[in-house]
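These are the residues of each chain, in order.
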Amino acid sequence: ELQLATAVKYRHKNHESYFQLPKQITLQSKSSDVIITNQGAHFQLDFTDPNNQKHRENANASHGNHGNNLKWSWPIIHIVSTRFMQGQGSLLHLARSRLKLFQAICLPSIRYQSVLSSLRVDDDNIDDDGGWDEEENVLLRVYNSTKWGKDVARLTKWYQHQKEQNRRHRRKNRFTQYTNLEIDPLFLWVIKVDPNLDKQILDELISILDPVRQYALVVGSLNNFGIGVHPGGWRDGQAGRDILEAFHEGRVYFPRKEHEAELYHYQSALDVVGRAHVARSDRVVLETRLDADDAIHLDYFATLYDMALKLLIDPSISGYSANSPNGRYIKGGNNSQEKPNDKKASNLNVHPNPNETARWLYWCPQRHIQWNPSTDFFDPNHDPGLLTILESPNVCVTPGLSLGFAMGMEEEQVPRYEHTKIYWEITVNHRKKKKMQDNVEPSIQYASNDNRTDKHNCGLYPSSKCVIPVKDPKIAAFRSRAMTSAGMHNIEANGIPTSLSGIPDRFQKFSTKLWKSMDVSFGIDPREAKVAADFMMGNYVNTVRDNLKGQCTHGHSCKESSLEKLLRTIDLVEEGVGGIEI
């Protein structure tokens, strides 16, 4: 076993610091490595596929020297994609309103994801009355039933020790940041902005993102990859190359590299992207979509990783055990002869058959909260606005919509549809008009391309299992419906909800109760949401004008109904104030 040096020295700003690692904590075992680097050490879990060694060697040998020849730390590469003001870089009023929404709604739902709680050393910015439950090690719970469980336990124990050291220093009015262990982030949050975005708006965005600098990138690009109608994403290399080219051309705006103190974070981000790009073929790849004014539940990524480890990785690689603390029946455990608890597995979106693993999967959020921000025209409770719980049957909403690739699965083999058609086409309209062979098991027929009866082949039969309707968390997504929205769906002129004009009192009372749980479920502080709503109201007419100009620009909605609603809003405001210039 290799232990980190008991006194690893590094320079932080204008002073030098030392870290003493407790001798009882070791970070290397048969299923993990600690690689010593100039900055300290790099942690990586072993992800060897004994059946795919040649492919792994070819993947590691390609793509130059990106990532300093170190391997990606985790079995999963997770890319979260957000777009901000693409093709609309000069619309300043719209940008500022959207920036307020991003800060109040989107950012906290990523920053406070429960899987991050165990890997955070500096918790200065966590509110005393918010944040995470430190008694629960969420990341360990996700990995506990795999062969990596003990290694993740050691790692999180090391981070807890670091956190305690920081607290002791803070009590003495002295802060020392211990960062000698390098570990790749659990996910990369790639925020694509217009390359010509106004500098002041860009500076404000960068300032807002400082608390998530370990895993967030701001990239000037109009190229969008991942979930969508057209193939192209992290697995086939297009998304990674786009970011690496942006680094080369100076279009990665965050982390910055203008000052010497920021240069280390910039180079570290480049190395992380390089390692993720090189490892894309021999890791599970997850891609998640999240718009800049939407949010996801704080347990969403934990659930996503938990299911990906079960359904996209062969148990011979993950060592997944049936002795899971939550009673899930997976091949490889000591009690693998026991029958699964079908009801429990169904509630957790886990397929009960232990012999099936998928080649690809979609995760489809359907139940969500819709927020109509308060305005001078619509403010039923004198709070941040109206919250309603909605469910979209047979439709995936965009916040949290995710696609997963198993090792060896190529980009072009995954079906692509609009988000409104994914669930319908794959789970409902999936059958081919072809008769099954008599006396032959469906799973055997499905394995043959000549005889299968489904349109799509994700490795599960029938292919309706290839899209997982997210039921845990029960309400997975949060959608803003403001006058900044490009599509103007479920919103009328003046920001009034489409289906709730003449809102009953029971909806208003229920909305008030929902706001009390938003910080715990989505990380959203109602006070910040109210600030955002008030800011948008103060900037109302100019925001609507800009949104009107931004319709039909690159990558944005171009609906006649949206144009009509925006024009109608300006007409109503003009009537209310005695005339405005448009």
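From a predicted model like this one, the values you see are computed outputs, not experimental measurements. (Residues numbered from 1 in each chain as written. Predicted model: local features only at pLDDT ≥ 70, side-chain atom pairs only at ≥ 80, totals over all residues. Heavy atoms only, no water.)

### Quick notes on the confidence of the model for the protein chain
Definition in use: Known as pLDDT, the predictor's confidence for each residue is given on a scale from 0 to 100. Contacts were defined at the residue level, with two residues in contact if any of their heavy atoms lie within 4.5 Å.
The pLDDT averaged across the protein chain works out to 75; a share of 65% of its residues lies at or above 70. Low pLDDT (under 50) marks residues 1–25, which in the prediction has 50 contacts with non-local residues, meaning those over four places away or in another chain. Confidence drops under pLDDT 50 across residues 487–495; counting only partners more than four residues distant or on other chains, this segment forms 41 contacts.

### Comments concerning the sheet that holds strand β13 (residues 367–373)
Applied cut-off: Following DSSP output, two strands are said to pair if at least two bridges run between them. To qualify as a helix, a DSSP run of H or I must reach at least 4 residues; to qualify as a strand, a run of E must reach at least 2; elements of each kind are numbered from the N terminus.
Strand order in the open sheet formed by four strands is β11-β17-β13-β14, and the pairing between neighbours is mixed. One side of each edge strand has no neighbouring strand; the edge strands of this open sheet are β11 (295–296) and β14 (385–391). Note: β13 against β14, seven bridges, orientation antiparallel. The residue bridging P373 from the neighbouring strand is G385, located in β14.

### What about helix α8 (residues 300–311)?
Put simply, the test is: One less than the residue count of a helix, multiplied by 1.5 Å, gives the span that helix is expected to have. Burial classification: accessible surface area is computed with a 1.4 Å probe over protein chains only, and a residue below 20% of its type maximum counts as buried, one above 50% as exposed, and the rest as partly exposed.
Its twelve residues place the ends of α8 16 Å apart at the C-alpha level, agreeing with the 16 Å of an ideal helix rising 1.5 Å per residue. For α8, a buried count of twelve out of twelve residues is recorded, marking the element as mostly surrounded by other parts of the structure.

### A look at the state of the cysteines
Defined simply, a disulfide is a covalent bond joining two cysteines at their sulfur atoms. Inclusion rule: Cysteine sulfur atoms that pair up within 2.5 Å are treated as a disulfide.
Within the structure shown, the criterion is met by two disulfides. Between the sulfur atoms of C364 and its disulfide mate C396 the distance is 2.1 Å. Handedness here is read from the sign of the S-S torsion; for C364 and C396, about -115°, the answer is left-handed. Taken as a pair, C364 in strand β12 (residues 360–364) and C396 in the loop between β14 and β15 (402–405) lie far apart in primary sequence, 32 residues in all. Exposure class is identical for C364 and C396. Each is buried. The disulfide partner of C458 is C466, and the S-S distance across this bridge is 2.0 Å.

### Considerations on the packing of aromatic side chains
Given two aromatic rings, one states the distance between the centres and the angle between the planes to describe the pair. Selection rule: Aromatic pairing here means that ring centres of Phe, Tyr or Trp (its six-membered ring) are within 6.5 Å. Orientation follows from the plane angle: under 30 degrees is stacked, over 60 is edge-to-face, and everything else is tilted. Geometrically, a charge over a ring is one whose NZ (Lys) or CZ (Arg) sits within 6 Å of the ring centre while staying within 35 degrees of the ring normal.
Under the counting rule described, the total for this entry stands at 13 aromatic pairs. A ring pair is formed by F301 and Y305, whose centres lie 6.2 Å apart and whose planes are at 25°; its orientation type is stacked. Here Y305 and F301 lie together in helix α8, a separation of four residues that amounts to about one turn. An identical accessibility class is assigned to F301 and Y305; each is buried. Lying over the aromatic face of F535, K100 brings its terminal NZ or CZ to 5.4 Å of the ring centre.

### Thoughts on helix α5 (residues 199–208)
The following threshold applies: An arc is given here, and it is the one of the directions from the helix axis to the C-beta atoms. The term polar contact refers here to a pair of N or O atoms within 3.5 Å; inside protein, the definition further demands a hydrogen-donor-capable atom paired with an acceptor-capable atom, and it admits residues adjacent in sequence only when both atoms are side-chain atoms.
Residues of α5 that are buried: I201, L202, L205, I206 and I208. The buried residues of α5 occupy an angular sector of 160° when projected down its axis, which confines them to one face. Residues of α5 that are exposed and point over 90 degrees away from its buried face: K199 and S207. For α5, the elements touching its buried residues are β5 (76–84), α2 (92–111), β7 (188–193), β8 (216–220) and β9 (252–254). At the N-terminal end of α5, a side-chain oxygen is found 3.1 Å from the backbone nitrogen of Q200, two or three residues along, and the residue is D198.

### What about the pattern of salt bridges?
Under the convention used in this document: Salt bridges are defined by distance alone: a side-chain nitrogen of Lys or Arg within 4 Å of a carboxyl oxygen of Asp or Glu.
Scanning the entire structure with this criterion turns up 17 salt bridges. Among the ionic pairs, R154 bridges to D151, the shortest N-O distance being 3.2 Å. With a gap of three residues between them, R154 and D151 both fall in helix α4 (residues 149–171), about one helical turn apart. R154 sits in the partly exposed class, given a relative accessible area of 23%. Residue classification places D151 among the buried positions, given a relative accessible area of 2%. Residues joined in a network through salt bridges with shared partners are K199, D203 and R256.

### Topic: the sheet that holds strand β16 (residues 467–469)
Under the convention used in this document: Fitting a line to C-alpha atoms yields each axis, with helices limited to the stretch in contact; the angle taken between N-to-C directions then spans 0 to 180 degrees.
Read across the sheet, eight strands follow the order β9-β8-β7-β5-β10-β15-β12-β16 without closing on themselves; strand pairing throughout is mixed. Every interior strand has two partners, whereas the edge strands, β9 and β16, have only one. Neighbouring strand axes in the sheet, compared pairwise and without regard to direction, differ in orientation by 25° on average. Taken together, the three bridges between β12 and β16 define a ladder with parallel strand orientation. Pairing of W363 across the sheet is with I468, part of β16. Relative to the sheet, helix α6 (residues 238–249) contacts β7, β8 and β9, its axis offset from that of β8 by approximately 75°.

### Quick look at the environment of L205
Tracing the backbone through its elements, the reader meets L205 in helix α5. Look at L205 and you get buried, because its relative accessible area is 0%. As a C-alpha pair, L205 and K100 span 105 residues in sequence and 9.7 Å in three-dimensional space. Once you skip the residues sitting within four places of it in the chain, L205 turns out to touch F84, L99, F102, V193 and V218.

### Overview of the pairing of β12
Summarising burial for β12: five of the five residues are buried, a large majority. With burial as the criterion, each face of β12 is covered, one bearing W360, Y362 and C364 and the other bearing L361 and W363. As paired strands, β12 and β15 are joined by four bridges and run antiparallel to one another. Directly across from W363, in β15, lies its bridge partner S402.

### Side note on the pairing of β7
Every other side chain in a regular strand lies on the same face of the sheet, so the side chains alternate between the two faces. Formally: The handedness of a crossover follows from its direction of travel: if, with the strands pointing away from the viewer, the path from the first strand over the helix to the second runs clockwise, the crossover is right-handed.
Counting buried positions over the six residues of β7 gives six, a clear majority of the element. Of the two faces of β7, the one carrying L188, V190 and K192 and the one carrying W189, I191 and V193 are both buried. Where β5 and β7 come together, six bridges link them in parallel fashion. Across the sheet, the residue bridging to V80 is W189, located in β7. Pairing between β7 and β8: five bridges, direction parallel. Bridging across to β8, V193 finds its partner in G220. After leaving β7, the chain enters α5 and then returns to the sheet as β8, a path that is right-handed.

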